[in-house]
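# A look at the structure
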Amino acid sequence: MATDNAKTGDGNIKITDWVKPGDTSGEFKRQQSSFRNWISREPGAQFPPEKGRYHLYVSYACPWANRTLIARKLKGLEDIISYSVVHWHLGEKGWRFATAEDGDLEGENVIPDPVPGHESFTHLRDVYFQANPSYAGRFTVPVLYDKKLQTIVNNESSEILRMLGTEFNGFLDEEHAKIDFYPEHLRTQIEETHEWQYDKINNGVYKSGFATTQAAYERNVVALFEALDRAEAHLAKAAAEGPYWFGKTLTEVDIRLFVTIIRFDPVYVQHFKCNLRDIRSGYPAIHNWMRRLYWTVPAFRETTNFAHIKKHYTKSHTQINPLSITPLGPVPDVLPLDEEVPAAAAKRGAA
């Protein structure tokens, strides 16, 4: 197993090279996920839904992995799909598993690889090379793993989120089975929203933070805040109908946007230089929407770990923060739900 390679599977690009060396555009280009199989209730499916068969490898720090943890808890899948959390530090060999010597691991299930047969696995890359010894690419989370066939089913967060939303309903009580993150009557609107939010917001913070030229940074950070302005305007109107993006209905949009917004003030403002405004003083409608999810829906709060989030970004991205100093603020990480929006921000939101 090629666990001594400190680069991606192609052997040429370092895991920590967020922009390909020699790329004069300075643009961060996200790798496409490689494992794209589906858990399906269809007869004869290679990966049918089964209780206890599948395992999620996640990071509390990673917004893409956080999506799947929220969905797992919202759907009541805790006894159906197991999970474990990698150490918050992303080093030259990628995500590593926790060890008995680690003393800085807040949160549940931050443990060595618990899957039987993986006792020698020290890094997530070991799981990737078990599934495909010729794998060439980054070793990303989340990973949906099949313990029965000992292979990776899928490592694309949006697809895992959708699978968790439907394919295990046969094991759930009526209350959890009826939760639908992708209701048919909203699908067109959901897909339209995903398209601009993914590119400009979810990935936009990374394109801003990992840019290696001033032009690339400015281009992406301006686009990011234009998209946030668009989200603010939408949520200001939607709030009259209910607490979610589509009023009374919680959908994939809430899950996918939340994981970026909850990290915005603690990390992206300072670390990724996304500092034209912050959320708490610059976007009252987004701020209220985020806080309602965090404080009133346990699945959002209980899967958010600010210690992992802050340490991962500030101590893993040494090309951005060479001394690995982690800022203490903002304080608190999330304001209480009844905290008033600053007058200046409220005035701006009404303008």
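Structure shown above.
Just so it is clear, the structure is predicted and the values come from calculations on it, not from any experiment.

### Description of the packing of aromatic side chains
Taken as a whole and judged by the stated rule, the model has 26 aromatic pairs. Ring geometry for F35 versus Y135: centroids 5.8 Å apart, planes at 25°, classification stacked. Of this pair, F35 sits in the segment before β1 (54–58) while Y135 sits in the loop between α2 (124–131) and β5 (143–146), and the two are 100 residues apart along the sequence. Side by side, F35 and Y135 carry an identical accessibility label, which is buried. Its guanidinium or amino end placed over the ring of W196, R230 lies 4.2 Å from that ring's centre, counting from NZ or CZ.

### A short note on the pairing of strand β2 (residues 82–85)
Alignment of β1 against β2, held across four bridges, turns out to be parallel. Note that in β2 the partner of Y57 across the bridge is S84. Where the polypeptide runs from β1 across helix α1 (residues 63–74) and back to β2, its parallel neighbour, the crossover connection is right-handed.

### Some words on the nonpolar core
If you look at the biggest cluster of nonpolar residues, it comprises 97 residues, and the most contacted ones within it are F258 and F264. If you tally residues by element for this core, the top one is helix α8 (residues 252–271), at 11 residues. In this structure, F258 is in contact with I70, W289, M290, L293, Y294, F300 and T304, ignoring residues within four places of it in sequence.

### Examining the sheet that holds strand β6 (residues 151–154)
One open sheet accounts for four strands, arranged β2-β1-β5-β6; its pairing is mixed. Every interior strand has two partners, whereas the edge strands, β2 and β6, have only one. Strand-to-strand, the axes of this sheet are offset by a mean angle of 35°, without reference to chain direction. Where β1 meets β5, four bridges bridge the pair, whose relative direction is antiparallel. The residue of β5 that forms the bridge with H55 is Y145. Sheet strands in contact with helix α3 (residues 157–166) are β1, β5 and β6, and its direction is about 85° off that of β6.

Quick notes on the rules
- Residues numbered from 1 in each chain as written.
- Predicted model: local features only at pLDDT ≥ 70, side-chain atom pairs only at ≥ 80, totals over all residues.
- Heavy atoms only, no water.
- Phe/Tyr/Trp six-rings, centres within 6.5 Å; stacked < 30°, edge-to-face > 60°.
- Helix = DSSP H or I, 4+ residues; strand = E, 2+ residues; numbered from the N terminus.
- Buried < 20%, exposed > 50% of the residue type's maximum accessible area, 1.4 Å probe, protein only.
- Lys NZ or Arg CZ within 6 Å of the ring centre and 35° of its normal.
- Pairing = 2+ DSSP bridges.
- Right-handed = clockwise from strand over helix to strand, strands pointing away.
- Core = buried A, V, L, I, M, F, W, Y, C linked by side-chain atoms within 4.5 Å.
- Contact = heavy atoms within 4.5 Å.
- Axes fitted to C-alpha atoms, helices over the stretch in contact; angles between N-to-C directions.

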